[in-house]
Amino acid sequence: MKNSKLTAILAAFALLLLPMVLSSCEDTQESSAAPSSSQAEPTQTPTATPHPTPSATPEATPQPTSSPTPEATLEPSPAGEFEQLFQENAIDKMLKDEIDLADSSKAILRAYGDAEKHWRRMINITYKDCQEILSGDQLDSLQAQQETWEAELEDKKTEIAAEYGDDINEQLELSEKIVSIYREQGKVMCQAYYQAVGEMPDFEVVLSDEPLG
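Residues numbered from 1 in each chain as written. Predicted model: local features only at pLDDT ≥ 70, side-chain atom pairs only at ≥ 80, totals over all residues. Heavy atoms only, no water.

**Q** Could you clarify how one ought to interpret the overall build of the protein in this entry?
**A** Across its full length, the protein holds seven helices and zero strands. The linear arrangement of helices and strands in the protein, starting from the amino end, is α-α-α-α-α-α-α. When the 213 residues of the protein are sorted by exposure, 22% land in the buried category. Considering only residue pairs separated by 6 or more positions, the protein has 76% of its internal contacts joining residues 24 or more positions apart. When the accessible surface of the protein is split by element, carbon and sulfur atoms take 55% of a total near 16000 Å². (Helix = DSSP H or I, 4+ residues; strand = E, 2+ residues; numbered from the N terminus. Buried < 20%, exposed > 50% of the residue type's maximum accessible area, 1.4 Å probe, protein only. Contact = heavy atoms within 4.5 Å. Areas by Shrake-Rupley, 256 points an atom, 1.4 Å probe, with all protein chains shown as cover.)

In structure tokens:
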């Protein structure tokens, strides 16, 4: 009987202690769970610090390519320009005009005679001018050429005249040949003068018939 009472008391006491034990256990579990919950929190992945995207280096603005300077138009060479100028000389023009206006063979012969006279003046005047402006080898060469021409002139004219008779047409051809001899030498002088000063001799002086100085 006493044992039954003791058992009942112990059981009642155990029932009283049970809530306390359970409460203690819960506190223990909560205290132990707290750190683990803090540890269980996911670690935040650090956000990468954005680096500024380098701006593309602007391409250098191409400088405008300078247009090639157009080449200067080539002037005719002195020789080519001289040939053109000589073909336009006043003595040839006067001869052509006189022949076109001539009403007889004698008038044409006179036209050739005038042309021969003008070319002789051209040679003398221009040769004198060249002697004043040329020097050295150029002057020596021109003097030698003129002296040779003068030395051979009469023989050449006689040789040409022997090829023609007294017929008027043949005399016209002979006169034209004689004029061409003087014209060729006049061209030599004009070219020497032109190469020295860059312009043609003054044909107006030649055609003026003024006395030579």
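On we go from here.
**Q** Can you help me understand the confidence of the model for the protein in this one?
**A** Parts of the model with low pLDDT should not have their predicted coordinates read in detail. Summary statistics for the protein give a mean pLDDT of 78 and a share of 61% for residues scoring 70 or more. Predicted confidence is poor over residues 45–58, with pLDDT under 50, and the contacts of this stretch with residues over four places away or in other chains come to zero contacts. Of the regions scoring below 50 in pLDDT, residues 64–77 engages in one contact with residues more than four places distant in sequence or in other chains. (pLDDT = per-residue confidence, 0-100.)

**Q** What is the right way to read the pattern of salt bridges from this model?
**A** Any two side chains of opposite charge can pair, on the condition that their charged atoms come close. Taken as a whole and assessed by the stated rule, the structure comprises five salt bridges. For the salt bridge of Asp92 with Arg183, the shortest nitrogen-to-oxygen distance reads 2.7 Å. Within this pair, whereas Asp92 is found in helix α3 (residues 90–101), its partner Arg183 is found in helix α6 (residues 168–197), the two being separated by 91 residues in sequence. Between Glu116 and Arg120 there is a salt bridge, with the nearest N and O atoms lying 3.0 Å from each other. Of the two residues, Glu116 and Arg120 both sit in helix α4 (residues 105–133), four residues apart, roughly one turn of that helix. (Salt bridge = Lys/Arg side-chain N within 4 Å of Asp/Glu carboxyl O.)

**Q** It is not clear to me how α6 should be interpreted in this structure. Could you clarify?
**A** Count 3.6 residues to each turn of an α-helix, and residues three or four apart come out pointing the same way. With 30 residues, α6 extends 43 Å from end C-alpha to end C-alpha; this agrees with the ideal 44 Å at 1.5 Å per step. Two residues or fewer after α6 comes Gly198, characterised by a positive phi angle close to 85 degrees. (Expected span 1.5 Å × (residues − 1).)

**Q** Please clarify how α3 should be interpreted in this entry.
**A** The terminal C-alpha atoms of α3, which comprises 12 residues, lie 16 Å apart, in line with the 16 Å expected from a rise of 1.5 Å per residue. Where α3 starts, the residue carrying a side-chain oxygen 3.1 Å from the main-chain nitrogen of Ile91 turns out to be Asn89. (Polar contact = N/O pair within 3.5 Å; in protein donor to acceptor, adjacent residues only side chain to side chain.)

**Q** Would you take a moment to explain the packing of aromatic side chains for this structure?
**A** Remark: the centre distance and the inter-plane angle together describe each pair of aromatic rings, the angle taken between the planes. Scanning the entire structure with this criterion turns up five aromatic pairs. Geometrically, the ring pair formed by Phe82 and Tyr194 is tilted, given 5.7 Å between the ring centres and 45 degrees between the ring planes. Here the residue Phe82 occupies a position in helix α2 (residues 78–87), and Tyr194 occupies one in helix α6, the gap between them amounting to 112 residues. Among the residues examined, Tyr194 registers a relative accessible area of 6% and is labelled buried. Following the ring pairs from residue to residue traces out a cluster consisting of Phe82, Phe86, Trp119, Tyr194 and Phe203. Note that Arg120 overlies the ring of Tyr182, its terminal NZ or CZ placed 5.8 Å from the centroid. (Phe/Tyr/Trp six-rings, centres within 6.5 Å; stacked < 30°, edge-to-face > 60°. Lys NZ or Arg CZ within 6 Å of the ring centre and 35° of its normal.)

**Q** So what exactly am I meant to see when it comes to the packing of helix α5 (residues 136–161) against α6 here?
**A** Any two packed helices are characterised by the angle at which their axes cross and by the distance between the axes. Running from N to C, α5 and α6 cross one another at 175 degrees; their axes reach a closest spacing of 11 Å. Considering the angle they form, α5 stands roughly antiparallel to α6. On α6, the residues that touch Leu142, Gln145, Gln146, Trp149, Leu153, Lys156, Lys157, Ile160 and Ala161 of α5 are Leu174, Lys177, Ile178, Ile181, Tyr182, Gln185, Val188, Met189 and Ala192. In the contact of α5 with α6, the residues fall into 12 nonpolar, three polar and three charged. (Axes fitted to C-alpha atoms, helices over the stretch in contact; angles between N-to-C directions. Parallel < 35°, antiparallel > 145°, perpendicular 65-115°, else oblique. Nonpolar A, V, L, I, M, F, W, Y, C, P; charged D, E, K, R; others polar.)

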